[in-house]
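The chain contents come next:
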Amino acid sequence: MVKEYKAAFKRFSGSGLFSEDQLDYIASVHKNLIDGSLNNLDELLMVITAKSLRMNDAERISAIDRIYLDVEKKLHFLRTFNNQQSMVGLQRLGDKQDINNIKTLHGLK
């Protein structure tokens, strides 16, 4: 998850197609996902450490499954969010190219 968000953020910030406010928003979404994932890791450590919580094996497996599903949900959201931002960037790039082409056609360059 960290690898994906870092690569995506580097791509977004290096494109020149997003404002500082937009990049701040993207970074805050990424931060919230990472913070949530760290909470999942903390919870998982508690569940798998035998003396941390009083649980039987079925309860532990159920907790592990729940944590796994939550992490999967976060990863799916991250990928969907990054894909949406990539589409916004592509649309903006296309708009920029269209504007430049119109300027060229009208001799405004």
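Quantities reported herein were computed from a predicted structural model and do not represent experimental measurements.

Trainee: Help me out: how do you make sense of the environment of serine 37 in this one?
Mentor: Mapped onto the elements of the fold, serine 37 is located in helix α2 (residues 20–48). Residue classification places serine 37 among the buried residues on the basis of a relative accessible area of 14%. Between the C-alpha atom of serine 37 and that of aspartate 98, which follows or precedes it by 61 residues, the distance is 41 Å. Sequence-distant contacts of serine 37, defined by excluding residues within four places in its chain, comprise Met1 and Lys74.

Trainee: How do you make sense of the side chain of histidine 30 when you look at a structure like this?
Mentor: Examined against the element boundaries, histidine 30 turns out to sit in helix α2. Relative accessible area serves as the criterion here: at 1%, histidine 30 is assigned to the buried category. The residues touching histidine 30, leaving out its near neighbours within four places in the chain, are Tyr5, Phe9, Leu78, Phe81 and Asn82.

Trainee: Any chance you could explain α2 here in plain terms?
Mentor: The α-helix advances 3.6 residues per turn, and as a result positions three or four apart in sequence lie on the same side. Its 29 residues give α2 an end-to-end C-alpha distance of 41 Å, which sits within 8% of 42 Å, the value for a rise of 1.5 Å per residue. Buried residues belonging to α2 abut α1 (2–15) and α3 (57–105).

Trainee: What is the right way to read the packing of aromatic side chains from this model?
Mentor: Each aromatic ring pair is characterised by the separation of its centres together with the angle its planes make. This structure, assessed with the given rule, holds three aromatic pairs. Between phenylalanine 77 and phenylalanine 81, the aromatic rings sit 6.0 Å apart at their centres with planes inclined by 15 degrees, giving stacked as the arrangement. Taken as a pair, phenylalanine 77 and phenylalanine 81 lie in helix α3 at a separation of four residues, close to a single helical turn. The partly exposed category is assigned to phenylalanine 77, whose relative accessible area is 42%. Taken together, the aromatic side chains of Tyr25, Phe77 and Phe81 make up a single cluster linked through ring pairs.

Trainee: Honestly, the pattern of salt bridges in this entry has me stumped. Any pointers?
Mentor: Opposite charge on two side chains lets them pair, provided their charged atoms get close. Tallying each qualifying case throughout the model produces five salt bridges. Glutamate 4 is the salt-bridge partner of arginine 79, the closest N and O atoms lying 2.7 Å from each other. A residue pair is termed long-range when its members are at least 10 positions apart, and arginine 79 in helix α3 and glutamate 4 in helix α1 qualify at 75 residues. What makes arginine 79 partly exposed here is its relative accessible area of 41%. The exposure class assigned to glutamate 4 is partly exposed, which follows from its relative accessible area of 29%. A salt bridge links lysine 31 to aspartate 35, with the shortest nitrogen-to-oxygen separation between them at 2.7 Å. Of the two residues, lysine 31 and aspartate 35 are both situated in helix α2; the distance of four residues between them amounts to about one turn of the helix. If you follow the salt bridges from partner to partner, you end up with Asp70, Lys73 and Lys74 in one network.

Conventions used here
- Position numbers for residues count from 1 along each chain, tracking the sequence in the order it is written.
- Whole-chain, interface and lining totals are the exception, using all residues; otherwise, since this is a predicted model, local features are given only for residues with pLDDT of at least 70 and side-chain atom pairs are given and counted only at 80 or more.
- Calculated side-chain values reflect all of the structure's heavy atoms, with hydrogen atoms and water omitted.
- Elements are defined by DSSP. Helices are runs of H or I of four residues or more, strands are runs of E of two residues or more, and each kind is numbered from the N terminus.
- A simple rule labels every residue: compare its accessible area, found with a 1.4 Å probe on the protein chains alone, to the largest value its type can have, and call it buried under 20%, exposed over 50%, or partly exposed in between.
- Note on contacts: a residue pair qualifies if any of its non-hydrogen atoms lie within 4.5 Å across the two residues.
- To estimate the expected span of a helix, count its residues, drop one, and scale the result by 1.5 Å.
- Here a pair means two rings of Phe, Tyr or Trp (six-membered ring of Trp) with centres within 6.5 Å. Their orientation is stacked below 30 degrees between planes, edge-to-face above 60, and tilted elsewhere.
- By definition here, a salt bridge exists when the distance from a side-chain nitrogen of Lys or Arg to a carboxyl oxygen of Asp or Glu is within 4 Å.

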